[in-house]
Amino acid sequence: MSKQMTCASFFAGVGGIDLGFEETGAFNTVYANEFDISPVTTFKENFPDVNVECKDIKEVSPSDIPDVDAILGGFPCQAFSVAGYRKGFEDEKGRGTLFFELLRIIKAKKPRVVFLENVKNLVGHDKGNTFKVIREALEDAGYCVDYKVLNAMDYGDTPQNRERIYIVGFREKEDFERFSFPDPIPLTKTIKDIIDFDSRVDEKYYYTPGKYKGDLFERLDAEMDDPNTVYQWRRVYVRKNQSNVVPTLTANMGEGGHNVPLVRVPSGIRKLTPKECFNAQGFPSDFKLPDTLTDAKLYKQAGNSVCVAVIHRIAEKIVEALQAE
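Because the structure is predicted, anything quoted here is derived from the model rather than measured.

*Asks:* Can you break down the pattern of salt bridges residue by residue, with the values?
*Replies:* One pass over the structure, following the stated rule, counts 17 salt bridges. One salt bridge connects Arg264 with Asp221, and the closest N-O pair in it is separated by 2.5 Å. With Arg264 in strand S11 (residues 262-265) and Asp221 in helix H8 (residues 216-223), this pair connects stretches of sequence that are 43 residues apart. A salt bridge links Lys240 to Asp226, with the shortest nitrogen-to-oxygen separation between them at 3.2 Å. Of this pair, Lys240 sits in strand S10 (residues 238-240) while Asp226 sits in the loop between H8 and strand S9 (231-233), and the two are 14 residues apart along the sequence. Judged by its relative accessible area of 18%, Asp226 falls in the buried class. Through salt bridges with shared partners, a single ionic network connects Glu53, Lys55 and Asp64.

*Asks:* Hey, could you go over the environment of Ala152 for me, with residue numbers and the actual values?
*Replies:* Its place among the elements puts Ala152 in helix H5 (residues 152-155). Sequence spacing of Ala152 and Leu322 is 170 residues, and the spatial spacing of their C-alpha atoms is 24 Å. In this view, Ala152 contacts Asp157, Thr158, Gln160, Arg162, Cys307 and Val310; residues no more than four positions away in its chain are not counted.

*Asks:* Could you give an account of the nonpolar core, with specific residues and numbers?
*Replies:* By size, the foremost hydrophobic cluster in this structure holds 32 residues, and its most contacted members are Ile195, Val246 and Cys277. At the level of secondary structure, the elements contributing two or more residues to this core comprise helix H2 (37-46), helix H7 (191-194), S11, helix H9 (274-280) and helix H10 (295-304). Tallying contributions element by element places H9 first for this core, with three residues. In this view, Ile195 contacts Val230, Val246, Val263, Arg270, Leu272 and Glu276; residues no more than four positions away in its chain are not counted. Judged by nonpolar contacts, the second largest core, of 28 residues, contains Met5, Ala70, Val113 and Cys307.

*Asks:* Please provide a residue-by-residue account of the sheet that holds strand S3 (residues 51-53), values included.
*Replies:* In sheet architecture, strand pairing relies on hydrogen bonds along the backbone and comes in two forms, parallel and antiparallel. With mixed pairing, seven strands are arranged side by side in an open sheet as S3-S2-S1-S4-S5-S7-S6. Lying at the two open borders of the sheet, with one neighbouring strand each, are S3 and strand S6 (144-151). Taking the axes of each pair of neighbouring strands and ignoring which way they run, one obtains an average angle of 20 degrees across the sheet. Taken together, the three bridges between strand S2 (residues 27-33) and S3 define a ladder with parallel strand orientation. The partner of Asn33 across the bridge, within S3, is Glu53. Helix-sheet contacts for helix H4 (residues 129-140) involve strand S5 (113-119), S6 and strand S7 (163-170), and the interaxial angle to S6 is about 140 degrees.

Criteria and thresholds
Residues numbered from 1 in each chain as written. Predicted model: local features only at pLDDT ≥ 70, side-chain atom pairs only at ≥ 80, totals over all residues. Heavy atoms only, no water. Salt bridge = Lys/Arg side-chain N within 4 Å of Asp/Glu carboxyl O. Helix = DSSP H or I, 4+ residues; strand = E, 2+ residues; numbered from the N terminus. Buried < 20%, exposed > 50% of the residue type's maximum accessible area, 1.4 Å probe, protein only. Contact = heavy atoms within 4.5 Å. Core = buried A, V, L, I, M, F, W, Y, C linked by side-chain atoms within 4.5 Å. Pairing = 2+ DSSP bridges. Axes fitted to C-alpha atoms, helices over the stretch in contact; angles between N-to-C directions.

Right, here's the structure in full:
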């Protein structure tokens, strides 16, 4: 199999999974679906040739989707994450059951490979029952399934502490038997490769005396004594990242407050910019962030996205399995 393979992407966000697959040179996304217009705006900016539909997956008909070699999906994780209170399939917003909408499409389109991403906590949610249901549902649909929890800092040479579960399903047993997840690699990139510690950025990102209520600036100033790492404000205290990487980026960075990681730089104490958050997810420097979107929207998109480098390495292993003689 030497011809380029096609992908359909669901819960596509800004296209991080698509980017990781396309960077192999073997895959090309031809259809994408995303419910939120904000990330769709970013997706379109970076994938102008992809047919991306902005609508509820429940309204997507398999007949609307071209036949593809791979179906990709970072299905909503809030219902399974610690931040989402671990409600799983019982989530009142229905996010936990959206997997079954994706399964409906997988069953109809029967792609050769399925790739899914979710939070680490999916594995242990409800004593493992939630993941057991998901895995068995994929197997019942005719797929051989492998999965692994990988950390971006160990498997993507990306300086972010981000553990996620990656699920790969193959329709053909021979493909499955040829597949293995990538091995860990050394972390050679540092936070100084993704954060600009030298240049002054827009004033809105800085913490200054009197800018926020109470003595927040004074507390940050007293606690943030290391200019070579990243900090977080945790409601009542300052947390220093001891591994000198970016802490796990979350969607609630876009909810205001002080959720965005912080650094002490020569020009002062500031939060990471949206671009730096995308850098921490392994997005390339030429990835476009639409200037029509607010910082809040961009922070949320970065936190909701994936580590592109980890996706790329898994995708390369998938290509090896599918293209083996």
